[in-house]
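Notes for the structure review
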Amino acid sequence: MPWMPIRSIDKHVHTMLAKMDSNHMLIIKSFKKDRIVTVKKTGEKFTVIEEGFRNQSIDVDEKDIKKAMKDILELEYPRSHQVMVTEQEIKH
């Protein structure tokens, strides 16, 4: 998927996560690619991996993913105007 405006990313990411199949992941990168947020879906749980300002991994269930992603995107991309969003299957 191409570059997306940061203003609409919150709603778009939530829609993509709701439709995403199990064993898929969503990758959000900044322009310089120095900040990456990866969301992996395994069953009913999401694993959010932050690589940038904070380097951590959290597990979130479906009802809490929208708020968690909003907080993470605001923290990781405070001055970004566009981010790159891609979805791919998790290879084992």
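So, a few notes on the structure that sits alongside this text. (Residues numbered from 1 in each chain as written. Predicted model: local features only at pLDDT ≥ 70, side-chain atom pairs only at ≥ 80, totals over all residues. Heavy atoms only, no water.)

**Thoughts on the layout of surface pockets**
Roughly 170 Å³ of internal volume is contained in the largest pocket. Around the largest pocket sit Ser30, Phe31, Lys32, Asp34, Arg35, Glu76, Tyr77, Pro78, Arg79 and Ser80, which together line it. Taken together, the residues of the lining of the largest pocket sort by class into three nonpolar, two polar and five charged. (1 Å grid on protein atoms, 1.4 Å probe; cavity = no way out; pocket = protein on both sides within 12 Å on 5 of 7 lines; lining within 4 Å. Points joined across faces, edges and corners; volume = space filled by probe spheres on them. Nonpolar A, V, L, I, M, F, W, Y, C, P; charged D, E, K, R; others polar.)

**Quick word on the sheet that holds strand S3 (residues 36-42)**
One open sheet accounts for six strands, arranged S1-S6-S2-S3-S4-S5; its pairing is antiparallel. Each end of this open sheet is capped by a strand with a single partner; those strands are strand S1 (3-5) and strand S5 (56-61). Between one strand and the next, the sheet's axes are offset by a mean angle of 25 degrees, whatever the strand orientation. As paired elements, S3 and strand S4 (residues 45-51) share seven bridges and run antiparallel to each other. Bridging from a neighbouring strand, Val37 pairs with Glu50 of S4. Contacts from helix H1 (residues 6-19) reach S1, strand S2 (24-29), S3, S4 and strand S6 (82-89) within the one sheet, and its direction differs from that of S1 by about 115 degrees. Strands S2, S3, S4 and S5 of the sheet are contacted by helix H2 (residues 65-76), whose axis makes an angle of about 5 degrees with S4. (Pairing = 2+ DSSP bridges. Helix = DSSP H or I, 4+ residues; strand = E, 2+ residues; numbered from the N terminus. Axes fitted to C-alpha atoms, helices over the stretch in contact; angles between N-to-C directions. Contact = heavy atoms within 4.5 Å.)

**Section: the pattern of salt bridges**
All chains considered together, the criterion is met by four salt bridges. Note that Asp64 is salt-bridged to Lys63, the shortest N-O span being 3.7 Å. Looking at Asp64, the relative accessible area reads 36%, which means it is partly exposed. Residue classification places Lys63 among the exposed positions, given a relative accessible area of 69%. Between Asp71 and Lys67 there is a salt bridge whose closest N-O contact spans 3.1 Å. (Salt bridge = Lys/Arg side-chain N within 4 Å of Asp/Glu carboxyl O. Buried < 20%, exposed > 50% of the residue type's maximum accessible area, 1.4 Å probe, protein only.)

**Regarding the nonpolar core**
Judged by nonpolar contacts, the single largest core of 21 residues is most densely connected at Leu17, Ile28 and Met69. Elements represented by at least two residues in this core include exactly H1, S2, S3, S4, H2 and S6. Examining the composition of this core, we find that five residues originate from one element, H2, more than from any other. Sequence-distant contacts of Ile28, defined by excluding residues within four places in its chain, comprise Val13, Arg35, Ile36, Val37, Met69, Leu73, Tyr77, Val83, Met84 and Val85. (Core = buried A, V, L, I, M, F, W, Y, C linked by side-chain atoms within 4.5 Å.)

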